Amino acid sequence: MNWFGFGFDGFGQIRPADVSGQVLCKVNTPVLISDVCRSNCRVRVRASWSSRADVHHADCCSGVCVSGFASGSSEEVGRGILPQSQGCTDALISERYLTLNFTDRVECWEIQYPQHKLVWKREQDNTGHAAALPLVSGGYIMPKPPFFRPLCSKLCALSLALGSEHAVLLTSDGTVYSWGSGSHGQLGHGALTSQEEPQVLEALWGVPIRAVSAGNWHSASVSAGGDLYMWGWNESGQLGLPSRGLEEEKRRGKSSGNTEQPVNEDGKKEADVFISIQAFPALVDVPNVFEISRISCGSRHTAAVSGTGDLYTWGWGHYGQLGHGTENSRDEPTLVDYFPSHRMCVKDVICGLWNTFVSAVPKEQPPS
C-alpha cells in the first residue's frame, strides 16, 4: 500500500527538502511519500498542522516515525523510528506533543530537538477491546495538558474525533454524541450554544452510524448504509453545501460587472440558499457515489472515500489540500482525478489541518 500527500508542506511533512534545502510550501497534486513507501510494515498516518507521524506495524516490531517541525526549533524532526515508540499500538501528534498508546500504558512526549521529553504517563488496563486514540482506558487524551479526560463507561465508546474546541463520539450501537463549543453549529444540536457533557445527536437518532470525524469547526458522520451527514461551519464550503464566500470569490474572479444576484429555478435569489452555518446534520450528496466508506475533516476542508475506492474532496483549497491541481476552494464534493487516472484504488484518507494524506493500491485488473 502506498501513501500520498498534498496540501501544506511548509515544514517538509509531505516530502523532505530538496538538495538546496528548500521546501515547497504548497503541493496541489498527490505526491508519493517515499519514506513511508520504503517500509515493509503496515503504516497508519497521523497528521497535525506542522508534522506527520507514521505508525509502523509489523509482526516483529512497531514504532513511530515523525516528520516535519520540532517544537521550539527551526530544525526538521528526524525520520527514523523513535526509540521510545517501539512496541506502541497507536499514536497521535499535535503541534507540541506526541501521544503513544501501548497495551499497558499511554505516554505523552514533548516533541523537541534534538531529544524528546516524556511529560505525562498513565497506566491502563490492557483487557478488553483496544480502542483507537484519542480513546484510552477510562477516558480520552487531549492534545495539550491536562491530557486525560474521563469518559462515562456507560457510553460504550467506539471512536472519538476531536475538533478545535469540540468532540464527536460514536458508541458501539451506532449512536453519536457531541460536546464542547457550539459557536459554529459544530455540535449538531440545532443551536450555537456549548455543551459541557456528551449529548446525543437527536437528529441522527435511529440512524446507525459507523464513522465520525471532526474538523476545527465542522463535523461529519457516515451511516451504516454509506450516507454522509455534515454539520457546522461552511465558510469555505467544507460541508459540501453552497457557500456565499466562494460564490463571491467566483464573481470577483469573473469581473463581469453584473451586480444582479442570479435567480434559481424557484425564483429565489441564490443568496437565499447559501449556508454559512448548518446547526443540524445535513445529508450531503456526492455526485455519482452510492456509498461513502471513509470520511476525514481538516481545518476547513473535507475528504471522503467512496465504496468503489474513489477520493472526493471539498472546502478550503488555498494550499492545494484538495488535490485538484489548483489552489481553488470548492463547495461541492469533487473527484480527485489523480487516482483513477493512475488506476489506483483509494483505501483510506487522513486530513491534517491544511493537508491531506491518502493510502491507495493498484486497481485489480479484470480477468482477460
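Below is a short write-up of the structure. Quick caveat, the model's predicted, so the values are computed rather than measured.

### Brief notes about the environment of L151
Right, so step 1: Take L151: it is sitting in the loop between β13 (148–150) and β14 (157–162).
Right, so step 2: The spatial distance from the C-alpha of L151 to the C-alpha of E197 is 9.6 Å, given a sequence separation of 46 residues.
Right, so step 3: Here L151 is in contact with L135, G138, G139, Y140, A157, L169, W179 and P198, once residues within four sequence places are set aside.

### Some words on empty space enclosed by the protein
Vacant regions in the atomic arrangement are exposed by a probe of water-molecule size rolled over the atoms.
Right, so step 1: Under the definition given, this model contains one cavity of 30 Å³ or more.
Right, so step 2: When its volume is computed, the largest cavity comes out at roughly 30 Å³.
Right, so step 3: Lining of the largest cavity is provided by V66, L82, Q84, L98, W109, E110, I111 and H116.
Right, so step 4: Residue classes in the lining of the largest cavity are distributed as five nonpolar, two polar and one charged.

### Notes on the sheet that holds strand β7 (residues 90–93)
Right, so step 1: If you trace the four strands from one edge of the open sheet to the other, you get β7-β8-β9-β10, paired in antiparallel fashion. Each edge of the open sheet is held by one strand with a lone partner, namely β7 and β10 (117–123). Strand-to-strand twist of the sheet, defined as the mean angle between neighbouring strand axes without regard to direction, takes the value 15°.
Right, so step 2: Pairing of strand β9 (residues 105–110) with β10 involves six bridges; the strand directions are antiparallel. Among the inter-strand pairings, V106 is bridged to a residue of β10, identified as R122.

### A closer look at the side chain of Q13
Right, so step 1: With respect to the secondary-structure elements, Q13 resides in the loop between β1 (2–8) and β2 (26–32).
Right, so step 2: From its side chain, Q13 meets the backbone nitrogen of F11 in a polar contact 2.9 Å long.
Right, so step 3: Here W49 takes part through its backbone oxygen, which lies 3.0 Å from a polar atom of the side chain of Q13.
Right, so step 4: Apart from residues no more than four positions distant in its own chain, Q13 is found in contact with F8, W49, S50, S51, R52, S67, G68, N355 and F357.

### Some thoughts on the pairing of β9
Right, so step 1: Where burial is concerned, most of β9 is hidden: five out of the six residues are buried.
Right, so step 2: Where strand β8 (residues 97–101) meets β9, five bridges bridge the pair, whose relative direction is antiparallel. In the sheet register, L100 faces β9, and the bridge partner there is E107.
Right, so step 3: What sits between β8 and β9 in their antiparallel hairpin is a turn of three residues.
Right, so step 4: Between β9 and β10, which follow one another and run antiparallel, lie six residues.

Criteria and cut-off values
Per chain, the residues get numbers from 1 upward, laid out in the order the sequence is written. Local features are withheld for residues below a pLDDT of 70 in this predicted model, meaning they are given only at 70 or higher, and side-chain atom pairs are given and counted only at 80 or more; totals for whole chains, interfaces and linings count all residues. Computation of side-chain values covers all heavy atoms of the structure but excludes hydrogens and water. Labels follow the DSSP assignment, with helices taken as runs of H or I lasting at least four residues and strands as runs of E lasting at least two, numbered in each case from the N terminus. Residue contacts are counted whenever heavy atoms from the two residues lie within 4.5 Å of one another. Cavities and pockets are found on a 1 Å grid laid over the protein atoms alone: a cavity is a set of points where a 1.4 Å probe fits but cannot escape, a pocket is an open set with protein on both sides within 12 Å along at least five of seven lines, and a lining residue has an atom within 4 Å of such a point. Grid points are joined across faces, edges and corners, and a volume is the space filled by probe spheres set on the points. Ten residue types, Ala, Val, Leu, Ile, Met, Phe, Trp, Tyr, Cys and Pro, are classed as nonpolar, four, Asp, Glu, Lys and Arg, as charged, and the remainder, Gly among them, as polar. Strands are labelled as partners when DSSP assigns at least two bridges between them. Here the axes come from fitting lines to C-alpha atoms, over the contacting stretch only for helices, and the angles between their N-to-C directions go from 0 to 180 degrees. For this analysis, a polar contact is any N or O atom pair within 3.5 Å, provided that within protein one partner can donate a hydrogen and the other can accept it, and provided that sequence-adjacent residues contribute only side-chain to side-chain pairs. Burial classes: relative accessible area under 20% of the type maximum marks a residue as buried, over 50% as exposed, and values in between as partly exposed (1.4 Å probe, protein chains only).

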